[in-house]
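Understanding the architecture of this molecule
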Amino acid sequence: MTTGATERTHPKERLLDTAGRLFYAQGIQAVGVEQLVTEAGVTRATFYRHFSSKDGLVVAYLEARGARVEEAVAAILAAHRGRAALLALMDMIGDNLCQPGFRGCGFLNAAAEFPDPAHPARVHIAEHRGWFHGVLRTVVRDAGHPDPERVARTLVLLRDGAMVGGALDDPRVIRATLREAAENLLAS
């Protein structure tokens, strides 16, 4: 049974929204096409009209996640520069950790489910991580650090650890630790 709101939403959007919710909560491999179409309120034919396969939907899900991250980062960079931008980025990550239902990084979770680095999902994840590393390198350079490449690599690792720690430990402590580590790196 569909609601009025569901009927007004384009089937492709409903599939992407449903995939985003289910993939993040249950894991990509645990969610089948039948569950996706049932919960999205579409037919299998509609699913395959928009996505050639479940892998196609997985990549679209990751692209949509990435687009949201890129929009949030762009907003921060439009408002801040240098050190302030870096700390605002770390705060954005930390705020994410503290959200109800946080289950870690959707990209890292997906990467764990697709061990083949040539899989389209892993290729997209690598591109997204490369983009984020580049953003951090630029921000650190703009903050005046003499070794932005090293600091950016370290920040990516800290972000990855924070995403895991935020799902397993007290996210408020992880948030504070991430910010403190970023401040220490800038001072080094």
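See the structure printed just above.
Below, the structure is looked at part by part. Predicted model, so just to flag it, every value in this text is computed and none were measured. Residue positions are given per chain, counted from 1 along the sequence in the order it is written. Under the rules for a predicted model, residues below a pLDDT of 70 receive no local features and side-chain atom pairs below 80 are neither given nor counted, while totals for whole chains, interfaces and linings still include all residues. With hydrogens and water excluded, all non-hydrogen atoms of the structure serve as input to the side-chain values.

Quick word on the layout of surface pockets
Put simply, the rule is: Using protein atoms alone on a 1 Å grid, points that fit a 1.4 Å probe yet trap it form a cavity, whereas open point sets bounded by protein on both sides within 12 Å along at least five of seven lines form a pocket; residues with an atom within 4 Å of a point count as lining. Grid points are joined across faces, edges and corners, and a volume is the space filled by probe spheres set on the points. A run of H or I in DSSP becomes a helix once it reaches four residues, and a run of E becomes a strand once it reaches two; helices and strands are each numbered from the N terminus.
By volume, the largest pocket is sized at about 510 Å³. Of all the secondary-structure elements, those providing two or more residues to the lining of the largest pocket are α5 (54-79), α6 (82-97), α7 (106-113), α8 (120-142) and α9 (148-168).

A few points about the packing of helix α2 (residues 11-26) against helix α3 (residues 33-40)
Put simply, the rule is: Note on geometry: axes are lines fitted to C-alpha atoms, helical ones only across the stretch in contact, with angles between N-to-C directions running from 0 to 180 degrees. Angular relationships are summarised with four words: roughly parallel below 35 degrees, roughly antiparallel beyond 145, roughly perpendicular across 65 to 115, and oblique for the angles in between. Should the near helix be turned anticlockwise from the far one by less than a right angle, the crossing is termed left-handed; should it be turned clockwise, right-handed. The contact definition used throughout considers only heavy atoms, calling two residues in contact when any of these lie within 4.5 Å.
Between α2 and α3, whose axes approach to 9 Å, the crossing angle comes to 125 degrees. On the basis of their axis angle, the class for α2 and α3 is oblique. α3 is crossed by α2, and the crossing has right-handed handedness. Along its contact with α2, which presents R14, L15, T18, A19, R21, L22, F23 and Q26, the element α3 presents Q35, L36, E39 and A40.

A word on the packing of aromatic side chains
Which entries qualify depends on this criterion: In this analysis, rings of Phe, Tyr and Trp, with Trp reduced to its six-membered ring, are considered paired at centre separations within 6.5 Å, and the interplanar angle assigns stacked below 30 degrees, edge-to-face beyond 60, and tilted for intermediate values. Burial classes follow relative accessibility: with a 1.4 Å probe on protein chains only, a residue under 20% of its type's maximum area counts as buried, one over 50% as exposed, and anything between as partly exposed.
The final tally for this structure, using the stated rule, is four aromatic pairs. Measuring from centroid to centroid gives 5.2 Å for F23 and Y61, while their planes differ by 80 degrees, and the two rings are edge-to-face. Of this pair, F23 sits in helix α2 while Y61 is found in helix α5, placing the two residues 38 residues apart along the sequence. Each ring, one from W131 and one from F132, has its centre 6.1 Å from the other, and the planes form 45 degrees; the classification is tilted. With a relative accessible area of 26%, W131 lands in the partly exposed category. Accessibility expressed as a relative area gives 6% for F132, which makes it buried. Pairwise contacts between aromatic rings join F47, Y48 and F51 into one cluster.

Describing α2
The condition that has to hold: Expected helix span is given by 1.5 Å per residue-to-residue step, counting one fewer step than there are residues.
For α2, built from 16 residues, the straight-helix expectation of 22 Å at 1.5 Å per residue is met to within 8% by its first-to-last C-alpha distance of 21 Å. All of the buried residues in α2 are R14, L15, T18, A19, G20, L22, F23 and Y24. Where α2 ends, the next residue or the one after it, G27, has phi of about 100 degrees, a positive value.

Quick look at the pattern of salt bridges
To keep things clear, this is the line we draw: Between Lys or Arg on one side and Asp or Glu on the other, a salt bridge is scored when a side-chain nitrogen of the former is within 4 Å of a carboxyl oxygen of the latter.
Scanning the entire structure with this criterion turns up 14 salt bridges. Here R175 ties to D91 by a salt bridge, and the two come within 3.9 Å at their closest N and O atoms. Of this pair, R175 sits in helix α10 (residues 171-187) while D91 is found in helix α6, placing the two residues 84 residues apart along the sequence. A relative accessible area of 26% places R175 in the partly exposed class. A salt bridge links R179 to D91; its shortest N-O distance comes to 2.6 Å. Of this pair, R179 sits in helix α10 while D91 is found in helix α6, placing the two residues 88 residues apart along the sequence. Overlapping salt bridges, with partners in common, bring together R83, D91, D95, R175, R179 and E183 in one network.

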